[in-house]
Amino acid sequence: MSVRLSSWIGLGKVGLTVTDQPYAYQRRELIEPDWRRFPGWADVTAAQWESAQWQRAHCVKNIRQLRQVAGPGLSEAFCADLERDQRERATMSMLVPPQMLNTMVPAAAPGEPGFTEALYADPVRRYMIPVFSDRRADWPSHPYATRDSLHEAEMWAVEGLTHRYPTKVLAELLPTCPQYCGHCTRMDLVGNPTPTIGKHKFGQGRDDRLAAMIAYLKATPGVRDVVVSGGDVANLPWPRLEAFVTDLLDVGSIRDIRLATKALMGMPQHWLGDEVRAGMERLGARARERGVSIAIHTHVNAAQSVTPLVARAAQAMLDTGIRDVRNQGVLLRGVNDSPEALLDLSFALLDEAKIMPYYLYMCDMIPGSEHWRLSLAEAQRLQHAIMGYLPGFATPRIVCDVPYVGKRWVHQVSRYDTDLGISHWTKNYRTGIEAGDPLALSREYPYYDPIYLLPEHGQRWWRERDRDRSPELTLVP
Ligand code: SF4
């Protein structure tokens with residue numbers, strides 16, 4: 001492809017031919033793959049498919065149900081690989097809505113030649129249905145991987161309300177979602193137990209917790225911004241969510257409310273339902289009266305997940321008068337770890353679904369996540385590679401969520417030892433647990449690259465320390 005540009009060089013206008021940009025932009029029409037290619041859904045009608053109730057009732061929760069949907073074309077070797085992962089490695093139980101399963105291998109049916117290979121390679125499969133052979137055999141987990149790797153529970157002002165940043169809080173209303181992602185940062189709390197991971201349980205009942213959150217916010221006028229999350233707010237009965245957001249709108253100091261829901265993509269049928277749309281209209285009207293911004297934050301990692309139904313759900317939400325729908329994806333190896341994948345995703349969101357590409361988080365250091373994680377250097381290269389193609393306001397920032405610090409742009413690192421894969425970060429505010437800490441603003445906080453990516457001497461350094469490691473050992477050299 002060749003593009004004719006005009007450029008001023010010196011005093012003369014000179015024609016310049018630019019060929020072969022690293023990324024070739026082109027609009028792509030969104031596609032809702034035909035779900036009837038799956039034998040188990042051969043007779044499912046469009047009306048059933050577009051019903052949130054049907055979607056919820058037909059989520060795939062185990063290998064038996066996956067076999068029922070995919071039929072004999074799903075290979076036994078794949079099922080055995082999946083079964084072993086669930087038994088030995090998985091931190092999240094399986095829960096895949098039909099909408100999401102249908103976006104995997106969109107152009108082939110189970111049983112067609114190459115389907116199994118395409119399923120193994122599929123970006124959505126890689127994070128929604130992880131198999132044992134996906135994971136690293138040498139370092140499945142980083143030695144410093146932890147449950148609740150962001151220490152959110154340590155910063156709970158009241159149960160479920162994380163006060164990490166000076167002016168904003170995260171409200172975890174519930175511990176469930178309509179879909180469970182293999183790499184979930186909140187694997188400590190969210191979802192059902194797996195054979196290797198028990199889940200933290202909230203101590204208080206839901207209504208008492210939510211009331212305590214509102215009371216804290218009323219008493220803490222320095223907080224202006226509330227991320228209403230979970231889990232996924234799509235799993236809270238609508239009247240309860242609407243009541244909570246209405247209570248937030250009555251707290252005079254709150255100016256921004258963000259509703260976190262991957263289900264806008266994973267189960268757009270939920271957000272297209274009459275009750276939810278009417279309720280969002282009421283909330284949108286009240287927010288405008290109060291001069292408060294409500295936005296929806298969703299979580300899309302691959303361009304193929306952006307289908308016409310997702311675009312319809314995003315448009316339905318914008319039509320209720322809320323301020324914006326934004327995407328916070330996660331950077332994952334094998335899913336979106338190339339400039340093409342990130343730009344395809346961003347353009348599909350921005351051009352076709354009116355969803356603002358906003359953040360791409362580096363995958364957090366939870367157990368079993370090494371095969372998904374990228375090094376900081378790789379993330380920096382990706383940020384560089386995607387600059388200049390999208391409008392500035394829609395160029396996603398790639399961020400590292402540094403434990404005890406918070407989100408930092410990947411180029412904000414203060415020191416970085418690429419031999420040992422240790423980056424050091426500083427911050428300019430105190431978290432909720434550092435009120436009396438004189439060193440909070442001068443201390444450096446570490447973050448770690450995957451060890452298998454390091455040069456051999458760096459890997460050896462970690463192997464030697466891992467042999468006689470104690471949990472308290474400080475590895476910052
Ligand atoms: S939707 Fe979000 S909270 Fe739910 S499992 Fe996925 S990453 Fe975790």
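Residues numbered from 1 in each chain as written. Predicted model: local features only at pLDDT ≥ 70, side-chain atom pairs only at ≥ 80, totals over all residues. Heavy atoms only, no water.

**Concerning the site of the ligand**
Right, on to step 1. Around the ligand sit Met-92, Cys-177, Gln-179, Tyr-180, Cys-181, Cys-184, Gly-231, Lys-262 and His-299, and that is every residue in its neighbourhood.
Right, on to step 2. In terms of residue class, the shell around the ligand is made up of five nonpolar, three polar and one charged. (Near = heavy atom within 4 Å. Nonpolar A, V, L, I, M, F, W, Y, C, P; charged D, E, K, R; others polar.)

**Here's the deal with the side chain of Thr-431**
Right, on to step 1. With respect to the helices and strands, Thr-431 occurs in the loop between strand E14 (422-425) and strand E15 (445-448).
Right, on to step 2. Leave out the neighbours within four places in its chain, and Thr-431 touches Met-155, His-163, Arg-164 and Tyr-404. (Helix = DSSP H or I, 4+ residues; strand = E, 2+ residues; numbered from the N terminus. Contact = heavy atoms within 4.5 Å.)

**Brief notes about helix H16 (residues 456-467)**
Right, on to step 1. Its 12 residues give H16 an end-to-end C-alpha distance of 17 Å, which sits within 8% of 16 Å, the value for a rise of 1.5 Å per residue.
Right, on to step 2. Of the residues making up H16, those classed as buried are Gly-458, Gln-459, Trp-461 and Trp-462. Down the axis of H16, the smallest arc covering the buried residues is 155°, so these residues share one side.
Right, on to step 3. On its buried side, H16 packs onto E14 and E15. (Expected span 1.5 Å × (residues − 1). Buried < 20%, exposed > 50% of the residue type's maximum accessible area, 1.4 Å probe, protein only. Arc of directions from axis to C-beta.)

**Points about the nonpolar core**
Right, on to step 1. The biggest cluster of nonpolar side chains holds 101 residues, and the ones touching the most others in it are Tyr-127, Ile-129, Leu-173, Val-228, Ile-257, Trp-271 and Met-280.
Right, on to step 2. Considering each element in turn, this core owes the most residues, seven residues, to helix H13 (residues 308-319).
Right, on to step 3. Val-228 has contacts with Ala-171, Leu-173, Val-233, Leu-241, Phe-244, Leu-248, Ile-257, Arg-258, Leu-259 and Ala-260, leaving out every residue within four places of it along the chain.
Right, on to step 4. Ranked by size, the runner-up nonpolar core spans 39 residues in total, among them Leu-350, Ile-386, Val-405 and Val-413. (Core = buried A, V, L, I, M, F, W, Y, C linked by side-chain atoms within 4.5 Å.)

**A few points about the sheet that holds E15**
Right, on to step 1. Strand order in the open sheet made by the three strands is E13-E14-E15, with antiparallel pairing throughout. The sheet is open, and its two edges are formed by strand E13 (415-417) and E15, each paired on a single side. Sheet twist, expressed as the mean angle between neighbouring strand axes with direction ignored, is 20°.
Right, on to step 2. Sheet topology note: the E14/E15 ladder contains four bridges and is antiparallel. Paired with Trp-425 across the strands is Tyr-445, a residue of E15. (Pairing = 2+ DSSP bridges. Axes fitted to C-alpha atoms, helices over the stretch in contact; angles between N-to-C directions.)

**Observations concerning the packing of aromatic side chains**
Right, on to step 1. Within the structure shown, the criterion is met by 18 aromatic pairs.
Right, on to step 2. Considering the side-chain rings of Tyr-359 and Tyr-361, the 5.6 Å spacing of their centres and the 65° angle between planes classify their relative orientation as edge-to-face.
Right, on to step 3. Its relative accessible area of 9% is what places Tyr-359 among the buried residues.
Right, on to step 4. Put simply, the rings of Trp-35, Phe-38, Trp-41, Trp-49 and Trp-54 touch in pairs and so form one group of aromatic residues.
Right, on to step 5. Just above the ring of Tyr-165 sits the side chain of Lys-168; from NZ or CZ to the centre is 4.4 Å. (Phe/Tyr/Trp six-rings, centres within 6.5 Å; stacked < 30°, edge-to-face > 60°. Lys NZ or Arg CZ within 6 Å of the ring centre and 35° of its normal.)

**So, the environment of Asp-324**
Right, on to step 1. Residue position: Asp-324 is located in strand E9 (residues 324-331).
Right, on to step 2. When the C-alpha atoms of Asp-324 and Ala-121 are compared, they prove to be 33 Å apart, with 203 residues separating the residues in sequence.
Right, on to step 3. When neighbours within four sequence positions are excluded, Asp-324 is seen to be in contact with Ile-294, Ala-295, Ile-296, Leu-318 and Met-356.
Right, on to step 4. A polar contact of 3.5 Å, which involves the side chain of Asp-324, links it to the side chain of Arg-326. (Polar contact = N/O pair within 3.5 Å; in protein donor to acceptor, adjacent residues only side chain to side chain.)

**Things to note about the sheet that holds strand E11 (residues 397-402)**
Right, on to step 1. Read across the sheet, 10 strands follow the order E3-E4-E5-E6-E7-E8-E9-E10-E11-E12 without closing on themselves; strand pairing throughout is mixed. What marks the edges here is a single partner per strand, and that holds for strand E3 (156-158) and strand E12 (406-409).
Right, on to step 2. Strand direction decides the pairing type here: strand E6 (residues 225-229) and strand E7 (residues 256-260), joined by four bridges, are parallel. Opposite Val-227, over in E7, you have Arg-258 as the bridge partner.
Right, on to step 3. Sitting on the sheet, helix H15 (residues 376-386) is in contact with E9, strand E10 (356-362) and E11, with an inclination near 155° to E11.

**Some remarks on the confidence of the model for the protein chain**
Right, on to step 1. Looking at the protein chain as a whole, the pLDDT averages 93, with 94% of positions reaching at least 70.
Right, on to step 2. Contacts of residues 470-477 to residues separated by more than four positions or lying in other chains number 12 contacts, the stretch itself having pLDDT below 50. (pLDDT = per-residue confidence, 0-100.)

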